[in-house]
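Working through the structure, step by step
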Amino acid sequence: MLSMRIITSFVALLISTSLPSAIAQRKPVPSRDAQRTAAERIQSVFAEEYASSDRAVQAKLAKQLLDLTQTEKEVSAKFTLYREAVRFASEAGDVATALKATDAMSADFAVSPSAIKIYALSNLSKVTLGNEQAFIAADACTSLVNELVAENKFAQAEKVVGFGQAALRKTRDAQRVTALRELGESIEEIARQYKSIAKHAATLKKNPDDPAANLAMGKFECFVKGNWDSGLKFLSKGGDAALQTLAKNTVAAPDDPQSQFKIANGWWKQAEHLEGVMKDRVLSYAGKYYDQALPGLTGLSKVTAEKRLGEVPAGATSGIGIAPRQKTINLLELLDPDEDFKPKDKWVLANGVLQCTKGFAVTKVVFPYEPTEEYDITVVFENHKSRN
């Protein structure tokens, strides 16, 4: 019999998040009793598959259940088919089917798209995936993180980063592992800065036209989060006259090169007053308009645009998750205790420290990473016992 705990926790997850109006137009989520009855029907038809612990069988079942949603007319049965397809696919490590099922389910029913994806990605993070599947799962995590940060759901975003890191653990892909770690650090910084402007968010609920609050929220959305579509609306009503005009001109989205060049110059000037990631973010945004204007520019304007495009920091993006200009690979994140240590040695990795607690003869660790031709390596050793 299908576990009541699974039904209850999954349904609570799906309906606990407030839904956008567009999602609310979908079919309502059936009651728990209706889902329970539908689950019993489904399990009776696929009793042998439900009893199997073979991941291949579970993955095949997930595809069958998802296919059945195309012809099932009874609403509670259709919803439960979606739900079970997500569950079996994610627990079996079938990333593509799990994500396809979450998208189809949230398009058909009034569930929170982010909540159901969090559920699926959480399950996937507990399964050992092949490299290709792990990369797809990590990309899905990154995409979901951007959606959650745009909604200021930072705790959930940090949790999803963890799912992505877990999915990548066995891949030994240093670049992807590092990118996700840096994305997590970026979210932590955004969440910290959000606390400082929370009072302005509260003010805007009472007075949407407050100039100071709009300016603060606009700067946060654009410069800190990289959420320009939202931030420009705030800046257009903000208390800084120059920024207000620049934001309004940007929202107008002109298609003539001279207007685009003027907008690019405006954001480039704003970047001069910023530092670090925020400066890189605004420079990258200005670069977007220089790039649009360039084919129609001539003379000094063309030279200026070309020069400034070359000055946009490598790897910078106007959105969330800018990589630092000098990338650091944390080799400890790539270690696998089952493969990288001598069998008789015992190592413990905790709080960023790798410690050998038991070693025979010469202890050995092999880091699964091949560096570029030029690199710097930093290693800090501490000897806890003189005989070692």
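As the structure is a prediction and not an experimental result, all values here were calculated from the model.

Calculation rules
- Residues numbered from 1 in each chain as written.
- Predicted model: local features only at pLDDT ≥ 70, side-chain atom pairs only at ≥ 80, totals over all residues.
- Heavy atoms only, no water.
- pLDDT = per-residue confidence, 0-100.
- Contact = heavy atoms within 4.5 Å.
- Phe/Tyr/Trp six-rings, centres within 6.5 Å; stacked < 30°, edge-to-face > 60°.
- Helix = DSSP H or I, 4+ residues; strand = E, 2+ residues; numbered from the N terminus.
- Buried < 20%, exposed > 50% of the residue type's maximum accessible area, 1.4 Å probe, protein only.
- Expected span 1.5 Å × (residues − 1).

Remarks on the confidence of the model for the chain
Averaged over all residues, the pLDDT of the chain equals 85, while 79% of them reach at least 70. Ignoring residues within four places in sequence, the model shows residues 1-9, a span with pLDDT below 50, making 15 contacts including any to other chains. Predicted confidence is poor over residues 321-326, with pLDDT under 50, and the contacts of this stretch with residues over four places away or in other chains come to 13 contacts.

Description of the packing of aromatic side chains
Two measures describe an aromatic ring pair: the distance that separates the ring centres and the angle between the ring planes. Applying the stated criterion across every chain yields a total of 13 aromatic pairs. When the ring of Trp228 is compared with that of Trp267, the centres are 5.1 Å apart and the planes differ by 85°; the resulting orientation is edge-to-face. Taken together, the positions of Trp228 in helix H13 (residues 228-235) and Trp267 in helix H15 (residues 257-271) put the pair 39 residues apart, joining distant regions of the chain. With relative accessibility at 6%, the residue Trp228 sits in the buried group. Arranged with centres 5.7 Å apart and planes meeting at 80°, the rings of Trp267 and Tyr285 form a pair that is edge-to-face.

A short note on helix H12 (residues 211-225)
Look at H12: 20 Å from first C-alpha to last across 15 residues, which is about the 21 Å you get at 1.5 Å a residue. Counting buried residues along H12, 12 of its 15 residues qualify, which places the element largely inside the surrounding structure. Where H12 is concerned, the buried positions are Ala213, Asn214, Leu215, Ala216, Met217, Gly218, Phe220, Glu221, Cys222, Phe223, Val224 and Lys225. One or two positions beyond H12, positive phi appears at Gly226, with a value near 75°.

With respect to the environment of Ala98
When you line up the elements, Ala98 lands in helix H7 (residues 95-108). Residue classification places Ala98 among the buried positions, given a relative accessible area of 0%. In sequence terms Ala98 and Lys63 are 35 residues apart; their C-alpha atoms lie 9.1 Å from each other. In contact with Ala98, other than residues within four places in its own chain, are Val86, Ala89, Ser90 and Leu124.

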